[in-house]
Amino acid sequence: MTQQAAFDYHARARQAPTFAKMLRLNAREHGREVALREKDFGLWRPITWDDYHARTRDFALGLVELGIGAGDVIGIIGDNRPDWVAAEIAAHAIGAMSLGMYRDALDDEVAYLLTYGEAKVVFTEDEEQVDKLIGLGERIPSVRHIVYSDPRGMRKYDDPRLITAEKLAELGRARLSREPDLYDRLVDATDSEAVAVLCTTSGTTSNPKLAMLSAGSILRHCATYLAFDPKGPDDEYVSVLPLPWIMEQVYALGMGLLSRMKINFVEEPETMMNDFREIAPTFVLFAPRIWEALAADVRARVMDATALKQKLYDIGMKTGLKALEHGNRSGLADMLLFRALRDRLGFTRLTSAATGGAALGPDTFKFFRAMGVPLRTLYGQTELLGAYTLHKPEHVDPDTTGVPMADDIEIRIDSPDANGVGEIVVRHPNMFLGYYKNPEASKADMHDGWMHSGDAGYFNDNKELVVIDRIQDLAETAQGHRFSPMYVENKLKFSPFIAEAVVLGAGRDYLAAMICIRFSIVSKWAERNRIAFTTYSDLSARPEVYDLLRKEVETVNATLPPAQRISKFLLLYKELDADDGELTRTRKVRRSVINDKYATIIDAIYGGAPSIDIDTVIRFQDGTTQRIRTTLKVVDLGFGATVAEAAE
């Protein structure tokens, strides 16, 4: 990366230091170029910078016509769509703040965020989201207007707050005809250091906090990122991660505006991978759960393949991993296996790929690197504008999160132990402005300009940052053996049959695990082996499935030191779910919730019970319930006694 290229990104951010100014600049200079694409009814619809700017302007002036202005909060909920980013920039253009919410957020979560933020307008996508808002009734008293983009199924409503996105745009165009220079005056007045985005934190321990982010900080931080990992107008990005997440804000909004890389929006979540393959992007960011699911799907397909193809897969994978150990790629493996795999996954044009939001197991990481995917790990927090460390392209170590992206990003390790492990503490020029309506939390996390991450880590001999786990999640067994639950869980999740795992053992004599099967793959395995089942709970209780998972756990145990091996495990009767509070929206385990909710099961595991009878009711998002009556078998692998004896 040259100094000149780095200068250009920062110079551009200084030239147009707010979202609305940057969008206007792009429209003036590159108006006919494609900025966005959206797949609709099976066809990709291009949206130029002129189109993008006009839609944003119409939304902004429509909001002004509705009486919305500086200091107001505008909520947005739904799938990733062009109207989402247009609404977000429109909010900023009139001096308001945007508050993005996850599309699958439950009623209580949406009510909390809208009430806490006192949102006056909510942009929604379709009937599903409108249903949710109308159903909240008096719980969201501040909401005056509900704007929806998709009119299908909406005729049944007569709520006076409802207005179509097209009607809002019409109001904006009418205002523009009366005051042709109003929008430019509003854009000229936008303050780069004012709060533009209220971004929800992951909320691993409680309700999410709202980090206040300025447009200037986001654009400047994107410039730093782009100087480290360049992108430009010829790059293609597919927006599949939730837009409320800070990293999708960085890519789909900040980097899209600053680098003019094309942002593509898929038709539906269910068509994501097919749409992704059609675009064949040059850059991708997936959360670990997606990388894990892709790896599991590849391995499951191999199980269904002919003996010859399975043999070729084994040869190709072993050859590729062997070459990777020496920092090379295998031409033989590429010819036998990886070229076809990359094509199937839509990875043929990738020049850059990243994972972030949570830890990705090293086995899964190496799987994709061997395949020829230029995968790198990024690390950061919402409060620090997302990622601030990333692997250098020429040195990628799956056990680290790379190096700071710039010299002005300072990272230190507080209170290190004898091994150099302590809390990761960071500061850089483009940080958040504090938590919205929560100065106490801001003071608790920030000291003298340094953000305390709550994560444990250290620098290795190559000065790369190694992140171990949340400090509060690091644990010790009763014998004093320290372990990271997340590390063991990630090794387990490399198995195509394991979707989620929770490793236990703090203050206990040995480690145990509660495992959730990957239903889509285990069910295919069961059908192929003529094993009858009806539901997830029924399948997870089958003795053949226990035998299958025992082999997977034993394989992982063979790679771990004795004190970190799983001594006992069971297969949980349901998947862990963010809707039940067991996971965050970015799929991080909420351990306090797990420990409380499954306390009876955990006590039974450590109490020596060979099986546990379950009679409970689970509630689905649509309000329906299902009674679960089953027996969980506790598999004892025998390491508990070994560890205890070694300690004695």
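Worth saying up front: this structure is predicted, and the values here are computed from it rather than measured.

Trainee: Please explain the overall build of the protein as it appears in this structure.
Mentor: Secondary structure summary: the protein contains 23 helices and 29 strands in total. For 648 residues, the compact-globule estimate of 2.2 N^0.38 gives 26 Å, and the C-alpha radius of gyration of the protein, at 25 Å, lies within 12% of that figure. Counting only C-alpha atoms and orienting by the principal axes, one finds that the protein spans roughly 80 × 55 × 55 Å. Burial status across the protein gives 58% buried among its 648 residues. Taking contacts inside the protein between residues at least 6 apart in sequence as the whole, the part at least 24 apart equals 65%. Roughly 27000 Å² of accessible area belongs to the protein as shown, and the carbon and sulfur atoms make up 49% of that amount. A gap of 3 Å separates the mean positions of the 78 positive and 94 negative side-chain charges of the protein.

Trainee: Looking at this structure, I do not really get helix α10 (residues 246-259). What am I missing?
Mentor: Counting along an α-helix, one turn takes 3.6 residues, and residues three or four places apart therefore face a common direction. With 14 of its 14 residues buried, α10 lies for the most part within the structure. Phi turns positive, to about 65°, at Arg 260, one or two residues after α10.

Trainee: Got a minute to help me understand the confidence of the model for the protein in this structure?
Mentor: If pLDDT is low for a region, its predicted coordinates should not be looked at in detail. With 96% of its residues at a pLDDT of 70 or more, the protein shows a mean pLDDT of 92. This stretch, residues 1-6, has a pLDDT under 50; its non-local contacts, to residues over four places away or in other chains, come to six contacts. A low-confidence stretch, residues 642-648 stays under pLDDT 50, and its non-local contacts, those more than four residues away or across chains, total seven contacts.

Trainee: Help me understand the nonpolar core, please; the structure alone is not making it clear to me.
Mentor: Looking at soluble globular proteins, one finds that nonpolar side chains tend to be buried together. One finds Tyr 52, Tyr 251, Trp 291 and Phe 368 to be the most contacted residues of the largest nonpolar core, which totals 127 residues. For this core, the element with the highest residue contribution is α10, accounting for nine residues. Here Tyr 52 is in contact with Leu 23, Ala 35, Leu 36, Ile 47, Val 85, Ala 86, Ile 89, Leu 253 and Leu 257, once residues within four sequence places are set aside. Ranked by size, the runner-up nonpolar core spans 59 residues in total, among them Ile 517, Val 553, Tyr 606 and Ile 628.

Trainee: Explain unusual backbone geometry here, please?
Mentor: A negative phi angle characterises most non-glycine residues, just as the trans form characterises most peptide bonds. Phi at Leu 385 takes a positive value of approximately 65°, unusual for a residue other than glycine. Looking at the secondary structure, you find Leu 385 in the loop between β14 (375-381) and β15 (386-390). By relative accessible area, which is 1% here, Leu 385 ends up buried. For Ser 415, which is not glycine, the phi dihedral falls at a positive 50°. As for its position among the elements, Ser 415 is in the loop between β17 (410-414) and β18 (422-427).

Trainee: What should I look at first to understand the sheet that holds strand β26 (residues 566-571) in this one?
Mentor: Paired through backbone hydrogen bonds, the strands of a sheet run either parallel or antiparallel to each other. Strand order in the open sheet made by the four strands is β24-β25-β26-β29, with mixed pairing throughout. Single-partner strands in this sheet number two, and they are β24 (498-504) and β29 (635-636). Bridge count for β26 against β29 is two bridges, and the pairing is antiparallel. The partner of Lys 568 across the bridge, within β29, is Asp 636. Relative to the sheet, helix α22 (residues 599-606) contacts β24, β25 (511-517) and β26, its axis offset from that of β25 by approximately 130°.

Trainee: For this particular structure, what's the right way to read the environment of Thr 586?
Mentor: With respect to the secondary-structure elements, Thr 586 resides in the loop between β26 and α21 (591-597). A C-alpha to C-alpha distance of 8.7 Å links Thr 586 and Arg 289, two positions 297 residues apart in sequence.

Trainee: Would you explain empty space enclosed by the protein in this entry?
Mentor: Sizing a probe to match a water molecule and rolling it over the atoms shows the empty space that remains. Scanning all chains against the criterion turns up two cavities of 30 Å³ or more. When its volume is computed, the largest cavity comes out at roughly 60 Å³. Its residues assigned to classes, the lining of the largest cavity shows five nonpolar, three polar and two charged. Of the pockets and cavities examined, the second largest cavity occupies roughly 50 Å³. Mapped onto the lining of the second largest cavity, the elements with two or more residues apiece are α4 (82-93), β4 (97-101) and β8 (195-200).

Trainee: Would you take a moment to explain the sheet that holds β8 for this structure?
Mentor: Spatially, seven strands are ordered β7-β6-β5-β3-β4-β8-β9 in an open sheet, and the strand pairing comes out mixed. Strands at the two margins of the open sheet, each flanked by one partner only, are β7 (162-164) and β9 (210-214). In this sheet, adjacent strand axes meet at a mean angle of 25° when their direction is disregarded. Here β8 runs beside β9; their pairing, made up of five bridges, is antiparallel. Bridge pairing in β9 links Leu 198 to Met 212.

Trainee: Explain the packing of helix α12 (residues 288-304) against helix α15 (residues 362-371) here, please?
Mentor: Two numbers describe a pair of packed helices, the interaxial angle and the distance between the axes. Two elements in contact, α12 and α15, have axes whose closest approach is 10 Å; the angle formed by their N-to-C orientations is 65°. Overall, the two elements α12 and α15 adopt an arrangement that is roughly perpendicular. When the axes of α12 and α15 are compared, the crossing they make is left-handed. Of α15, the residues touching α12 (which contributes Trp 291, Glu 292, Leu 294, Ala 295, Val 298 and Arg 299) are Thr 364, Phe 367 and Phe 368.

Trainee: I'm lost on the pattern of salt bridges in this one. Help?
Mentor: Any two side chains of opposite charge can pair, so long as their charged atoms come close to each other. Scanning all chains against the criterion turns up 55 salt bridges. With a shortest N-O distance of 2.7 Å, Glu 236 and Arg 37 are connected by a salt bridge. In this pair, Glu 236 sits in strand β10 (residues 236-239) while Arg 37 sits in strand β1 (residues 34-40), placing the two residues 199 residues apart along the sequence. Owing to a relative accessible area of 9%, Glu 236 belongs among the buried residues under this scheme. Shared partners join several salt bridges into a network, and the residues in it are Glu 65, Arg 175, Arg 178, Glu 179, Asp 181 and Arg 185.

Trainee: I keep staring at the environment of Ile 471 and nothing clicks. Help me out?
Mentor: Within the secondary structure, Ile 471 sits in the loop between β21 (465-470) and β22 (475-476). Spatially, the C-alpha atoms of Ile 471 and Gly 454 are 5.8 Å apart, while their sequence positions differ by 17 residues. Not counting residues up to four positions away in its chain, the partners in contact with Ile 471 are Glu 423, Gly 454, Asp 455 and Ala 456.

Trainee: Sorry, what's going on with the pairing of strand β3 (residues 73-77) here?
Mentor: On a regular strand, one side chain projects to one face of the sheet and the next to the other, so that they alternate. Within β3, five of the five residues are buried, which leaves the element mostly enclosed by the surrounding structure. Going residue by residue along β3, you find Val 73, Gly 75 and Ile 77 tucked away on one face and Ile 74 and Ile 76 tucked away on the opposite face as well. One ladder, built from five bridges, connects β3 with β4; its direction is parallel. Note that in β4 the partner of Ile 77 across the bridge is Met 101. With four bridges connecting them, β3 and strand β5 (residues 121-124) associate as parallel partners. Bridged to Ile 77 within β5 is Thr 124.

Cut-offs applied
- Residues numbered from 1 in each chain as written.
- Predicted model: local features only at pLDDT ≥ 70, side-chain atom pairs only at ≥ 80, totals over all residues.
- Heavy atoms only, no water.
- Helix = DSSP H or I, 4+ residues; strand = E, 2+ residues; numbered from the N terminus.
- Rg over C-alpha atoms; globule rule 2.2 N^0.38 Å.
- Buried < 20%, exposed > 50% of the residue type's maximum accessible area, 1.4 Å probe, protein only.
- Contact = heavy atoms within 4.5 Å.
- Areas by Shrake-Rupley, 256 points an atom, 1.4 Å probe, with all protein chains shown as cover.
- Lys, Arg positive; Asp, Glu negative; His and termini not counted.
- Charge placed at Lys NZ, Arg CZ, Asp CG, Glu CD.
- pLDDT = per-residue confidence, 0-100.
- Core = buried A, V, L, I, M, F, W, Y, C linked by side-chain atoms within 4.5 Å.
- Pairing = 2+ DSSP bridges.
- Axes fitted to C-alpha atoms, helices over the stretch in contact; angles between N-to-C directions.
- 1 Å grid on protein atoms, 1.4 Å probe; cavity = no way out; pocket = protein on both sides within 12 Å on 5 of 7 lines; lining within 4 Å.
- Points joined across faces, edges and corners; volume = space filled by probe spheres on them.
- Nonpolar A, V, L, I, M, F, W, Y, C, P; charged D, E, K, R; others polar.
- Parallel < 35°, antiparallel > 145°, perpendicular 65-115°, else oblique.
- Left-handed = near helix turned anticlockwise from the far one by under 90°.
- Salt bridge = Lys/Arg side-chain N within 4 Å of Asp/Glu carboxyl O.

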